[in-house]
Amino acid sequence: MNQEQTTESKLPCDLGATLGVLLLRIWLAMRAILSGVEKYAGTSTSSSPVSIDGAVNSYGLTDATSVKVYTLANYHGVPKALYDKFLAEPLIPDWGLKIYDLILGPAFIALGIALLIGFATRFTLFAMGLLYTSLTVGLILINESSGVAWLAIHIALIALMLFQTNHNKLELTGKWKM
């Protein structure tokens with residue numbers, strides 16, 4: 001055995017695997033956080049008079065501009081177009097859809113932040129997997145196959161992360177590992 005092999009065997013972790021898990025954790029966390037934040041997105045439209053040769057025109061012409069804004073008033077956990085489809089689905093009760101619509105955005109944000117800071121990583125990943133599974137069930141019921149495929153990729157990434165959590169060396173609650 002040479003000097004390099006002896007040094008490598010003494011390292012407490014595989015740096016590549018640790019960095020890979022960290023990158024995957026960051027990606028999953030940011031995906032969840034931004035998905036939750038986007039539930040509060042809307043547009044604000046304003047109009048201003050059009051100037052002709054540096055002066056406000058006398059014809060009443062206006063230029064409308066639309067800007068993306070985030071407010072609590074814009075919140076829709078389930079997009080309006082999908083909400084109506086889910087209301088027509090007999091396997092989804094109206095009261096359940098209302099609760100789901102209310103908690104979906106905050107759940108994404110809370111799970112994303114917990115994963116980003118490394119709080120109870122395995123539990124957080126499992127809860128995130130259940131959230132994506134619930135989204136998948138809804139999309140299956142309304143026959144949105146492309147959305148189901150996208151969510152399957154998310155589930156696969158979460159499962160990969162769960163299989164590799166022994167390489168998750170940078171976390172806030174490392175003592176909670178099982």
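As the structure is a prediction and not an experimental result, all values here were calculated from the model. (Residues numbered from 1 in each chain as written. Predicted model: local features only at pLDDT ≥ 70, side-chain atom pairs only at ≥ 80, totals over all residues. Heavy atoms only, no water.)

Draft legend 1. Expanded view of the packing of helix α3 (residues 80–87) against helix α4 (residues 94–117). Relative orientation of the contacting elements α3 and α4 amounts to 155 degrees, with a least axis distance of 10 Å. Viewed along their axes, α3 and α4 adopt a mutual orientation that is roughly antiparallel. Both α3 and α4 take part in a crossing whose hand is right-handed. The segment α3 lies against α4, with Y83, F86 and L87 engaging D94, L97, K98 and D101. Here the contact of α3 with α4 is composed, by residue class, of four nonpolar, no polar and three charged. (Axes fitted to C-alpha atoms, helices over the stretch in contact; angles between N-to-C directions. Helix = DSSP H or I, 4+ residues; strand = E, 2+ residues; numbered from the N terminus. Parallel < 35°, antiparallel > 145°, perpendicular 65-115°, else oblique. Left-handed = near helix turned anticlockwise from the far one by under 90°. Contact = heavy atoms within 4.5 Å. Nonpolar A, V, L, I, M, F, W, Y, C, P; charged D, E, K, R; others polar.)

Draft legend 2. Examining the environment of Y100 more closely. For Y100, the position within the fold is in helix α4. Separated by 23 residues in the primary sequence, Y100 and G77 place their C-alpha atoms 7.4 Å from one another. Excluding its chain neighbours within four sequence positions, the residues that come into contact with Y100 are V78, L131, S134 and L135.

Draft legend 3. Examining unusual backbone geometry more closely. Although it is not a glycine, A120 sits at a positive phi angle of roughly 45 degrees. With respect to the helices and strands, the residue A120 is situated in the loop between α4 and α5 (121–141). For A120, a relative accessible area of 12% puts it in the buried group. Although it is not a glycine, N143 sits at a positive phi angle of roughly 60 degrees. Summarising the element assignment, N143 is placed in the loop between α5 and α6 (145–163). (Buried < 20%, exposed > 50% of the residue type's maximum accessible area, 1.4 Å probe, protein only.)

Draft legend 4. Representation of α5 in the model. In a regular helix each residue adds 1.5 Å, so 21 residues correspond to 30 Å; α5 covers 30 Å between its end C-alpha atoms and thus fits that length. Buried-residue contacts for α5 involve α2 (15–38), α3, α4 and α6. N143 sits one or two positions beyond α5 and adopts a positive phi of about 60 degrees. (Expected span 1.5 Å × (residues − 1).)

Draft legend 5. A look at the packing of aromatic side chains. Applying the stated criterion across every chain yields a total of two aromatic pairs. For the pair Y40 and Y75, a centre-to-centre distance of 4.7 Å together with 40 degrees between the ring planes defines the contact as tilted. One end of the pair, Y40, is in the loop between α2 and β1 (41–49); the other, Y75, is in the loop between β4 (62–70) and α3, and 35 residues separate them in sequence. Each member of the pair, Y40 as well as Y75, carries the same accessibility label: buried. Note on F108 and Y132: the rings are 5.7 Å apart at their centroids and 55 degrees apart in plane angle, and the pair reads as tilted. Of the two residues, F108 sits in helix α4 while Y132 sits in helix α5, which places them 24 residues apart along the sequence. For F108, a relative accessible area of 4% puts it in the buried group. We classify Y132 as buried; its relative accessible area is 2%. (Phe/Tyr/Trp six-rings, centres within 6.5 Å; stacked < 30°, edge-to-face > 60°.)

Draft legend 6. Geometry of the pattern of salt bridges. Enumeration according to the criterion identifies two salt bridges in this entry. For K68, the salt bridge is made with E38, and the minimal N-O distance between the two is 3.0 Å. A residue pair is termed long-range when its members are at least 10 positions apart, and K68 in strand β4 and E38 in helix α2 qualify at 30 residues. The exposure class assigned to K68 is partly exposed, which follows from its relative accessible area of 48%. Across the salt bridge formed by K85 and E144, the nearest N and O atoms sit 2.9 Å from each other. In this pair, K85 sits in helix α3 while E144 sits in the loop between α5 and α6, placing the two residues 59 residues apart along the sequence. (Salt bridge = Lys/Arg side-chain N within 4 Å of Asp/Glu carboxyl O.)

By themselves, these are just geometric observations and shouldn't be taken as functional.
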